[in-house]
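Understanding the architecture of this molecule
For reference, the chains in residue letters:
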Amino acid sequence: MISNINYVKEVLGELKAKKKFGQNFLIDSNVVDKIAKGACDPECLTIEIGPGLGALSEMLLKYSKAVDAYEIDRDMYDILNRTIDNERFKVTLEDFLDTDLSKYENEEIRICSNLPYYVTTPILFKLFNSNLNISKITVMVQKEVADRFKAPVNSEDYNALSLIVQYLYNVKLEMNVPKGVFYPQPKVDSAVISFTPKIVRNFEYEKGLFEFIEKCFMKRRKTLNNNLRDFLDKETIEKIFSTLSLKESVRAQELTLDEFIKMYEVVNNGN
């Protein structure tokens, strides 16, 4: 089994985990199996980003129709080709951010990955902005990142990212993962979080809504009124506050997703 500290050390040999790629290898088979079992569907192809030594890949194959993995590190790529001999497993030596996803347009897909911390948000938004049929995304991320995705209104972690993700997906914390199940051990704990689609996508509408939300949070310490003044005229701002019965002192982090949608509709209807 790949998720074993002795195996990991043996396979790595003289190699060292590369900090620039955020490499921390899972060494707890129970954790790996639980992640894969909850993430996969036996009728679906699973895409994995950054498989490393293949601990998660091994379990994804157990629960998926097939696994397509994308690995940026040549050393890990070579190890995977030696150690996972399965016709349902394909690993590509490529930065996932450069991958053309159009090849998957006619297939239902699951995503499952232990994401490198340094590219978590770019990778997720590449997936979020695609028009693929992705029925579920399950990723392990830094715990503080997971907290932002799930953050409730008026909390410290609640921001534009929270709203955008929660507009598109039902977000669920699957499990917390302590740093002790990795080798080498990272400095922070992780969390497994899943995203399941909750709307029929309208990319043109979303683009405008998300830009509006981001502008409302541009200066977090300022009131909503002050942020709106940077891009809206006085009449439109007054209409927003009147329609939603907002206090002059309200800040963006105090407003719900439904209130942001209503504000955006006021702006659009006024044009």
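The paragraphs below set out a description of the structure included in this document. All values reported here derive from a predicted model rather than from experimental measurement.

**Quick notes on the environment of Leu-53**
Turning to its location among the elements, Leu-53 is positioned in the loop between β2 (45-49) and α3 (55-63). Overall, the relative accessible area of 3% leaves Leu-53 in the buried class. Separated by 31 residues in sequence, Leu-53 and Ile-84 have C-alpha atoms that sit 9.4 Å apart.

**Focus on the packing of aromatic side chains**
In this structure the tally under the stated criterion is twelve aromatic pairs. Seen from their ring centres, Phe-125 and Phe-128 are 5.2 Å apart, and the 70° between their planes marks the pair as edge-to-face. Of this pair, Phe-125 and Phe-128 both sit in helix α5 (residues 120-128), three residues apart, which is roughly one turn of that helix. Taken individually, Phe-125 and Phe-128 each receive the classification buried, so the pair is uniform in this respect. Here the aromatic residues Phe-125, Phe-128, Phe-149, Tyr-169 and Phe-195 are joined through ring pairs into a cluster of three or more. Looking at Lys-126, its charged tip hangs above the ring of Phe-96, at a distance of 5.9 Å from the centre.

**Quick look at the pattern of salt bridges**
Under the definition given, this model contains nine salt bridges. A salt bridge links Asp-147 to Lys-143, with the nearest nitrogen and oxygen atoms 3.5 Å apart. In this pair, Asp-147 and Lys-143 both sit in helix α6 (residues 143-150), four residues apart, roughly one turn of the helix. The exposure class assigned to Asp-147 is partly exposed, which follows from its relative accessible area of 31%.

**Brief notes about a negative patch on the surface**
On the surface, Asp-233, Glu-235, Glu-238 and Glu-248 cluster together to form a negatively charged patch. Within the fold, Glu-248 resides in the loop between α10 (234-244) and α11 (257-269).

**Overview of the pairing of strand β3 (residues 66-71)**
Where burial is concerned, most of β3 is hidden: six out of the six residues are buried. The side-chain alternation of β3 yields two buried faces, one formed by Ala-66, Asp-68 and Tyr-70 and the other by Val-67, Ala-69 and Glu-71. The pairing of β2 with β3 spans five bridges and is classified as parallel. Bridge assignment links Ile-49 to a residue of β3, and that residue is Tyr-70.

Conventions we followed
- Residues numbered from 1 in each chain as written.
- Predicted model: local features only at pLDDT ≥ 70, side-chain atom pairs only at ≥ 80, totals over all residues.
- Heavy atoms only, no water.
- Helix = DSSP H or I, 4+ residues; strand = E, 2+ residues; numbered from the N terminus.
- Buried < 20%, exposed > 50% of the residue type's maximum accessible area, 1.4 Å probe, protein only.
- Phe/Tyr/Trp six-rings, centres within 6.5 Å; stacked < 30°, edge-to-face > 60°.
- Lys NZ or Arg CZ within 6 Å of the ring centre and 35° of its normal.
- Salt bridge = Lys/Arg side-chain N within 4 Å of Asp/Glu carboxyl O.
- Patch = residues over 30% accessible without salt bridge, like charges linked within 9 Å, V, L, I, M, F, W, Y side chains within 5 Å.
- Areas by Shrake-Rupley, 256 points an atom, 1.4 Å probe, with all protein chains shown as cover.
- Lys, Arg positive; Asp, Glu negative; His and termini not counted.
- Charge placed at Lys NZ, Arg CZ, Asp CG, Glu CD.
- Pairing = 2+ DSSP bridges.

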